[in-house]
Amino acid sequence: MSRTAEEIGRTEIGPRPLPPLGEQRAATNLTVVDTVLDNGLRVIAVHQPTVPMVEVRLRIPFAGAEAGHAATAEVLAAAILTGTESRDRVAVDTELALVGGELSAAVDPELLSLGGNALASGFDTLLAVLADALTGATYADDEVAGEKARLIERITVARSKPNVIARQALQRHRYGDHPFTRELPEAADVAKVEPADVRALHQAAVLPRGSVLVLVGDVEPERAIAGAAAALGGWQSEASASVLPALPPVTPGDLLVIDRPGAVQSQIRLSAQSISRTDPRYPALQLANLAFGGFFSSRLVENIREDKGYTYHARSYPEFTPDGATLLIDTDTASDVTAAALLEIRYELGRFALVALEEAEVDIVRQYAIGSLLTSTSSQGGLASQIAALAVLGLGVEWLVGHPDRLKAVTAADVTEAAREFFAPTRFTGVIVGDVSKLAPLDRIGGVRFP
């Protein structure tokens, strides 16, 4: 006789108790070499032989103050792997495919990022193709033209999306005309980019000094370092990669309403100044953020999604930059309940900053934080990406390995103090993007500035 899962999970007196969670442990047996090559490139190699693969992540500081920098950088990232003096696009793709490999590139206002993977037996090939792109990318006229056309189409579509409009509005509200705000260039600016512009930017800005290369996988660290030194020895410059100028701190204040006529939804985006991962208060703040809006069972989600039904999605999260961090809260909601949703967000922020958290709530988010970290670093790709993200902030593998213990040491009182210090409603500013003609109720709750 078979029983259902529900029957198995219950007894005559009620549900069976869940077994206690086992202890969550970070990987402490990683073999790591962290060094700087003669050309100024920092290389972090980690031996993780879970599968016979190797992951590579390269992060090059890539800031630019010129108005056209973002457009040229986007074209560069799209075309850097389309051919070199010794390999055309087909040869690049074929050579990588023969070793089960791939490479891709992306750019943002801070970094040019290249990443990929290959079979461990193809490690040297992967590095050779990467090095060839870094030192010999040709940006052929026809390749640049094709990538420009695709970029213009993608940018045109992206700039019409509400979440992109809201992000751009928030960036301008927080930072004015700082280069950090130029996350998506204008399609017209991309159309003006010439192959010569891309080649000049590569020559001036694709530099090893100040950049970070992360190698994770089934290769001994010493062998990985030697391979990187051999492959990238020809990538040379006395100049250093260009980092963003420091961001101004986020100034608390009214929310700015951005008119989007005809919109049926509003995008609510709030932001406040925060702290970096190296601050001793960070573990407590991380848990406080999770409790407020950092995962599905958080207070914010329970209120405006589960209880009120104002939105399908709401979250709070940190955004890290090389010199600091901010807290962000975002949600999208129907125009007619925008004011009500904002009122509930402010209510949750106020309650969070005033009422002490209970031990049980802190224990839940602690388990979630540690479990999420261990899950995200259990694969070679996840570990490589985590290390690369930390490395550009000046941190190493030891920070990652030691973080679960820091989270375990946080008390409910610590999290309560972080909530009081960082989540008070008066610390935030932000934007609301929507149809102004439908948002008059916002004026009744104050703290909102209309155009």
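If you're wondering where the values come from, they're calculated on a predicted model, not measured in any experiment.

A short note on the sheet that holds strand S8 (residues 212-217)
By way of backbone hydrogen bonds, the strands of a sheet pair with one another, either parallel or antiparallel.
At step 1: Ordered in space as S3-S4-S8-S5-S7-S6, the six strands form an open sheet in which the pairing is mixed. Pairing within the sheet leaves two strands with one partner each, and these edge strands are strand S3 (31-36) and strand S6 (102-107). Along the sheet, successive strands turn relative to each other by an average axial angle of 10°, direction set aside.
At step 2: Pairing between strand S5 (residues 53-61) and strand S7 (residues 111-119): nine bridges, direction antiparallel. Within the sheet, the bridge partner assigned to Ile60 lies in S7 and is Leu112.

Brief notes about the pairing of strand S13 (residues 429-434)
At step 1: Burial analysis of S13 places six of its six residues in the buried class, the great majority of the element.
At step 2: Residues Thr429, Val431 and Val433 of S13 are buried on one face, and the alternating residues Gly430, Ile432 and Gly434, pointing to the opposite face, are buried as well.
At step 3: For strand S9 (residues 255-259) and S13, the ladder comprises five bridges, and the chain directions are parallel. The partner of Val257 across the bridge, within S13, is Ile432.
At step 4: Alignment of strand S10 (residues 265-273) against S13, held across five bridges, turns out to be antiparallel. Within S13, the position partnered with Ser271 by the bridge is Thr429.

A look at helix H11 (residues 299-307)
At step 1: What H11 keeps buried is the set Arg299, Leu300, Val301, Asn303 and Ile304.
At step 2: Against helix H10 (282-294), strand S11 (314-321), strand S12 (324-334), helix H12 (338-354) and helix H13 (359-376) lie the buried residues of H11.
At step 3: Just downstream of H11, Gly309 is the residue with a positive phi angle, here 70°.

Notes on helix H16 (residues 412-422)
At step 1: Three or more residues of H16 are buried, namely Ala412, Val415, Thr416, Ala418, Ala419 and Phe422. All buried residues of H16 lie within an arc of 160° about the axis, which places them on one face of the element.
At step 2: Elements that come into contact with the buried residues of H16 comprise S10, H10, S12, H12 and H13.

Considering the pattern of salt bridges
At step 1: Within this structure, the stated rule accounts for 25 salt bridges.
At step 2: As a salt-bridge pair, Asp279 and Arg281 come within 2.9 Å of each other at their nearest N and O atoms.
At step 3: The exposure class assigned to Arg281 is partly exposed, which follows from its relative accessible area of 34%.
At step 4: Put simply, Arg89, Glu143, Glu147 and Arg150 are held in one network by salt bridges that share partners.

Some remarks on unusual backbone geometry
At step 1: A positive phi is found at Tyr139, a non-glycine position, where the angle reads about 50°.
At step 2: Structurally, Tyr139 can be placed in the loop between helix H4 (123-136) and helix H5 (141-158).

As for the UniProt feature "domain: Peptidase M16 N-terminal" (unreviewed entry) in the chain
At step 1: Under the local residue numbering, the UniProt record ascribes the feature "domain: Peptidase M16 N-terminal" (unreviewed entry) to residues 43-184.
At step 2: In residues 43-184, the share of helix is 46% and the share of strand is 20%. The end C-alpha atoms are 30 Å apart.

A short note on the packing of aromatic side chains
Two numbers describe a pair of aromatic rings. These are the distance of the centres and the angle of the planes.
At step 1: Going through the model one piece at a time under the given rule, you end up with seven aromatic pairs.
At step 2: Ring centres of Tyr175 and Phe180 lie 5.7 Å apart, and the angle between their planes is 75°; this geometry places the pair in the edge-to-face category. One exposure class covers both Tyr175 and Phe180, and it is buried.
At step 3: Taken together, a centroid distance of 5.3 Å and an interplanar angle of 40° make the contact between Phe292 and Phe423 tilted. One end of the pair, Phe292, is in helix H10; the other, Phe423, is in the loop between H16 and S13, with 131 residues separating them in the sequence.
At step 4: Judged by its relative accessible area of 0%, Phe292 is buried.
At step 5: Every member of this aromatic cluster is reached through a ring pair, and the members are Tyr282, Phe320 and Trp399.
At step 6: Its guanidinium or amino end placed over the ring of Phe320, Arg277 lies 3.9 Å from that ring's centre, counting from NZ or CZ.
At step 7: It is Arg305 that lies over the ring of Tyr312; its NZ or CZ is 4.7 Å from the centre.

So, how was this worked out
- Residues numbered from 1 in each chain as written.
- Predicted model: local features only at pLDDT ≥ 70, side-chain atom pairs only at ≥ 80, totals over all residues.
- Heavy atoms only, no water.
- Pairing = 2+ DSSP bridges.
- Helix = DSSP H or I, 4+ residues; strand = E, 2+ residues; numbered from the N terminus.
- Axes fitted to C-alpha atoms, helices over the stretch in contact; angles between N-to-C directions.
- Buried < 20%, exposed > 50% of the residue type's maximum accessible area, 1.4 Å probe, protein only.
- Contact = heavy atoms within 4.5 Å.
- Arc of directions from axis to C-beta.
- Salt bridge = Lys/Arg side-chain N within 4 Å of Asp/Glu carboxyl O.
- UniProt positions renumbered as here; feature names shortened; annotations may be inferred.
- Phe/Tyr/Trp six-rings, centres within 6.5 Å; stacked < 30°, edge-to-face > 60°.
- Lys NZ or Arg CZ within 6 Å of the ring centre and 35° of its normal.

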